[in-house]
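Inside the fold
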Amino acid sequence: MTTVMIVHGAWHRPKVWEKLETELHALGYRTHAPALPSAGERPTAGMHDDAAVVAKELASTEGPVVLLAHSYGGIPVTEGAAGAPNVERLIYLCAWMPDEGQSLFDLEGSPTPDDVSGILPVLSEARTAFYGDMPDAEAEQAMSMLVEQTIRSFAEKVGAVAWRDIPSTYVVAEQDQAIPLALQEKMAAQAAGTRRLTGGHSPFLAQPRVLAALVDEIVRSS
């Protein structure tokens, strides 16, 4: 049985995946959603720590794995999955898809701060950026679950690139207000295949059944 390992983005925790996990279970998949230590209450971990968690979780998972990375999660997945023999496919869900030597700050074209020891506050425009296509009540609930994120996680550069050796699919979210469409498409050009979803940055909340069906399609067509 294939395990879909789902890696969350910045300011989020694994609980955000519950709706999608339910839909994937109904389709016959096992799921696993590790917690990245760069997000939480007073976190101090960086991207390399997150990548080490991804690598450790992969090493302890039996059978074939499809790695589904969302947003920031694409960066530690790119490093952490490098060399993992059980990963059959990488799926970048409106995710950052770095090459060697790149950080999230590099990809978005932002300067790296001189001091990377602090915390990135939750975006003031999170309602629009993350949950713009969701009803107010659901968006408010999602926002109440957001946590702190370390600056280190956005500053540390990838040292290994899994998508150079593992088949990859990029899922473009066409109404994403967090990662511009043109930037998603630029990163998607590095992937072996591209799929598109109509909707915003968090389809696992806004349309989990549609997303689960797309993941299933990608896995079956591999």
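Below you will find a few notes about this structure. (Residues numbered from 1 in each chain as written. Predicted model: local features only at pLDDT ≥ 70, side-chain atom pairs only at ≥ 80, totals over all residues. Heavy atoms only, no water.)

1. With respect to the environment of Trp 96
Put simply, the rule reads: Helix and strand assignments come from DSSP, with helices taken as H or I runs of at least 4 residues and strands as E runs of at least 2, each series counted from the N terminus. Whether two residues are in contact is decided by their heavy atoms, any of which lying within 4.5 Å being enough.
Following the sequence through the fold, Trp 96 ends up in the loop between strand E5 (87-93) and helix H4 (104-108). Taking the C-alpha atoms as reference points, Trp 96 and Trp 11, 85 residues apart in sequence, are found 15 Å from one another. The contacts of Trp 96, once residues within four sequence positions are left out, are Ser 71, Tyr 72, Gly 74, Ile 75, Leu 104, Leu 107, Glu 108, Ile 179, Leu 183 and Met 187.

2. Some remarks on the packing of helix H1 (residues 18-26) against helix H10 (residues 208-220)
Rules: Here an angle of 0 to 180 degrees is reported between the N-to-C directions of two axes, which are lines fitted to C-alpha atoms, with helices fitted over the stretch in contact. Here roughly perpendicular refers to angles of 65 to 115 degrees, roughly parallel to angles under 35, roughly antiparallel to angles over 145, and oblique to all remaining angles. The sense of a crossing depends on the near helix, which, turned anticlockwise from the far helix by less than a right angle, makes the crossing left-handed and, turned clockwise, makes it right-handed.
Contact geometry of H1 with H10 gives a least axis separation of 9 Å together with a crossing angle of 50°. As far as their axial angle goes, H10 and H1 are oblique. Handedness of the crossing formed by H1 with H10: right-handed. For the pair H1 and H10, contact is made by Lys 19, Leu 20, Glu 23 and Leu 24 and by Pro 208, Arg 209, Leu 211, Ala 212 and Val 215, respectively.

3. Section: the packing of aromatic side chains
Put simply, the rule is: Between the rings of Phe, Tyr and Trp (Trp by its six-membered ring), a pair exists once the centres lie within 6.5 Å; its type follows the angle of the planes, with under 30 degrees stacked, over 60 edge-to-face, and the other angles tilted. Buried means the residue's accessible area, taken with a 1.4 Å probe over protein chains only, is under 20% of the maximum for its type, while exposed means over 50%, and partly exposed covers the values in between.
All chains considered together, the criterion is met by seven aromatic pairs. Between the aromatic rings of Trp 11 and Phe 130, the centroid separation amounts to 6.0 Å while the plane-to-plane angle is 40°, which identifies the pairing as tilted. You can see Trp 11 sitting in the loop between strand E1 (3-7) and H1 and its partner Phe 130 sitting in helix H5 (residues 126-131), a full 119 residues away along the chain. According to the relative accessible area criterion, Phe 130 is buried, its value standing at 4%.

4. Topic: the pattern of salt bridges
Side chains bearing opposite charge may pair, as long as their charged atoms lie close to each other. The condition that has to hold: The salt bridge criterion pairs a side-chain nitrogen of Lys or Arg with a carboxyl oxygen of Asp or Glu, the two atoms within 4 Å.
Enumeration according to the criterion identifies 13 salt bridges in this entry. A salt bridge links Lys 157 to Asp 106, with the shortest nitrogen-to-oxygen separation between them at 2.6 Å. Of this pair, Lys 157 sits in the loop between helix H7 (151-155) and strand E8 (168-173) while Asp 106 sits in helix H4; the two residues are 51 residues apart in sequence, bridging distant segments of the chain. One salt bridge connects Glu 174 with Arg 196, and the closest N-O pair in it is separated by 2.7 Å. Taken together, the residues span a long stretch of sequence, with Glu 174 in the loop between E8 and helix H8 (181-188) and Arg 196 in strand E9 (residues 193-197) at a distance of 22 residues. Taken together, the salt bridges that share partners define one network made up of Asp 49, Arg 152 and Glu 156.

5. As for the nonpolar core
We apply this condition: Throughout this description, the term nonpolar core refers to a set of buried Ala, Val, Leu, Ile, Met, Phe, Trp, Tyr and Cys residues connected via side-chain atoms within 4.5 Å.
Of all hydrophobic cores here, the largest spans 74 residues; its most connected members are Leu 20, Leu 58, Leu 67 and Leu 90. It is H10 that contributes the most residues to this core, six residues altogether.

6. Overview of the sheet that holds E5
Where we set the bar: When DSSP finds two or more bridges between two strands, those strands count as paired.
Overall, parallel pairing links the six strands, which are arranged E2-E1-E4-E5-E8-E9 in an open sheet. Sheet topology places strand E2 (30-32) and E9 at the edges, where each strand pairs with a single neighbour. Here the average twist between neighbouring strands, direction ignored, is 20°. As paired elements, E5 and E8 share four bridges and run parallel to each other. Residue pairing for E8: Leu 93 is matched across the bridge by Val 171.

7. Overview of H8
Our working rule: The reported arc concerns the directions from the helix axis to the C-beta atoms and nothing else.
Listed in full, the buried residues belonging to H8 are Leu 183, Gln 184, Met 187 and Ala 188. Taken end-on, H8 shows its buried residues confined to a sector of 140°, consistent with a single buried face. Facing away from the buried side of H8, by more than 90 degrees, are the exposed residues Ala 182 and Lys 186. At its buried positions, H8 is contacted by H4, E8 and E9.

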